[in-house]
Amino acid sequence: MRKYEYLIFATGAATLALEVLASRIMTPYFGVSLYIWTGILSITLAFLALGYHLGGSISRRADRASLEGLFLAAPVLSVISIAIAAAVYPVLFPSLSQFNLIVGSFAGATLLLALPLIALSAMNPLLIGLQRAHTEAGGDASSGDAGAGRVFFISTVGSVAGVLLTAFLFIPNMTNFRAVLTLALVLCALVALYSLA
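This section reports on the structure supplied with the text. Every chain's residues receive numbers from 1 upward, in the order its sequence appears when written. Local features in this predicted model are restricted to residues of pLDDT 70 or higher, and side-chain atom pairs are both shown and tallied only at a pLDDT of 80 or more, whereas totals for entire chains, interfaces and linings draw on every residue. Think of the side-chain values as coming from all heavy atoms in the structure, minus any hydrogens and water.

Below, the discussion takes up the overall build of the protein. The helix and strand inventory of the protein stands at 6 helices and 0 strands. What counts as a helix is a DSSP run of H or I of at least four residues, what counts as a strand is a run of E of at least two, and both are numbered from the N terminus. Written out in order from the N terminus, the α and β elements of the protein read α-α-α-α-α-α. Rg of the C-alpha trace for the protein: 17 Å, near the compact-globule value of 16 Å for 197 residues, within the 12% margin. Taken along the three principal axes of its C-alpha coordinates, the protein extends 60 × 30 × 25 Å. Relative accessibility decides the category of a residue: with a 1.4 Å probe and only protein chains considered, values under 20% of the type maximum give buried, values over 50% give exposed, and everything between is partly exposed. For the protein, buried positions account for 46% of its 197 residues. Restricting the contact set of the protein to residue pairs at least 6 apart, pairs at least 24 apart contribute 84%. Values of accessible area rely on a 1.4 Å probe in the Shrake-Rupley scheme; residue burial ignores everything except the protein chains shown. About 9,600 Å² of surface is accessible on the protein, with carbon and sulfur atoms providing 71% of the total. Two things to know: the radius of gyration comes from C-alpha atoms, and the globule rule equals 2.2 Å times the number of residues to the power 0.38. The contact definition used throughout considers only heavy atoms, calling two residues in contact when any of these lie within 4.5 Å.

Here it is, written out as structure tokens:
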């Protein structure tokens with residue numbers, strides 16, 4: 001299952017890149033304050049936790065073929081939700097910011113982050129489930145944790161790379177809209193490559 005580690009690295013990068021871009025997208029509408037960052041961080045952590053839980057629950061019940069299909073479908077779902085959010089936020093955010101700054105910022109962060117983060121974070125336990133199924137089918141049984149430590153290590157290092165890439169490449173050179181769509185296209189291209197391979 002090492003073949004999927006590059007994808008886990010990329011989705012880890014996309015997760016934190018999306019969080020940083022969400023702050024940039026929300027700034028013109030909601031400003032920059034402790035409340036805005038509290039909303040972004042709490043929404044991020046809540047939906048990452050939900051995705052981990054969902055992925056773990058699915059990986060306990062699904063067979064190996066289903067796990068692999070769901071693992072590859074998760075970034076596609078994330079891409080679709082990112083594209084929809086990118087199309088909708090310019091229309092909704094002005095109204096949300098006029099309604100109530102705190103409630104509006106939490107709703108805006110949810111719109112931008114909820115589905116992509118749930119889908120991307122579910123991939124970690126799905127990959128662990130795939131590795132466990134591989135081990136049970138006669139693969140390498142040397143990893144007592146089914147590779148969980150390695151999966152989360154790779155995902156977290158990818159997150160660091162995503163923050164750096166976003167701060168030093170995306171933000172200085174692209175509009176927020178273009179950066180979010182570029183992120184979605186890169187995820188889509190990676191899944192297409194894995195599917196073809």
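The structure having been displayed, the exposition proceeds.
Attention now goes to a nonpolar patch on the surface. On the surface, a cluster of nonpolar side chains totalling about 280 Å² of accessible area is made up of Phe9, Phe153 and Val157. With respect to the helices, strands and loops of the structure, Phe153 is situated in helix H5 (residues 148–173). Judged by relative accessible area, which is 56%, Phe153 ranks as exposed. Here, patches come from residues exposed beyond 30% relative accessible area and free of salt bridges, joined within 9 Å for like charges and within 5 Å for nonpolar side chains (Val, Leu, Ile, Met, Phe, Trp, Tyr). One speaks of a salt bridge when a side-chain nitrogen belonging to Lys or Arg is within 4 Å of a carboxyl oxygen belonging to Asp or Glu.

Residues spaced three or four apart along an α-helix face the same direction, because each turn holds 3.6 residues. For a helix, the expected span equals 1.5 Å multiplied by the residue count minus one. Compared with an ideal rise of 1.5 Å per residue, which puts 21 residues at 30 Å, helix H6 (residues 176–196) spans 30 Å between its outermost C-alpha atoms and is within 8% of the ideal. Those residues of H6 lying buried are Asn176, Ala179, Val180, Leu183, Ala184, Leu187, Val191 and Tyr194. Down the axis of H6, the buried set is contained in an arc of 140°. They therefore lie on one face. Exposed and facing more than 90 degrees away from the buried side of H6 are Arg178, Leu185, Leu193 and Leu196. On its buried face, H6 is in contact with helix H1 (5–30), helix H3 (64–99), helix H4 (101–136) and H5. To obtain the arc, one takes the directions from the helix axis to the C-beta atoms.

Glancing now at the packing of aromatic side chains. Only Phe, Tyr and Trp rings are paired, with Trp represented by its six-membered ring, and only when their centres lie within 6.5 Å; those with planes under 30 degrees apart are stacked, over 60 edge-to-face, the remainder tilted. A complete count under the given rule lists 7 aromatic pairs for this structure. Look at Tyr4 and Phe71: their rings are 4.8 Å apart centre to centre, the planes differ by 55°, and that puts the pair in the tilted class. Here the residue Tyr4 occupies a position in the segment before H1, and Phe71 occupies one in helix H3, the gap between them amounting to 67 residues. The exposure class assigned to Tyr4 is buried, which follows from its relative accessible area of 3%. Centre to centre, the rings of Phe30 and Phe93 are 5.4 Å apart; their planes meet at 65°, and the pair counts as edge-to-face. Remark: Phe93 occurs in helix H3 and Phe30 occurs in helix H1; sequence separation between them is 63 residues. Phe30 gets classed as buried once you look at its relative accessible area, which sits at 4%. You can call Phe93 buried: its relative accessible area is 0%.

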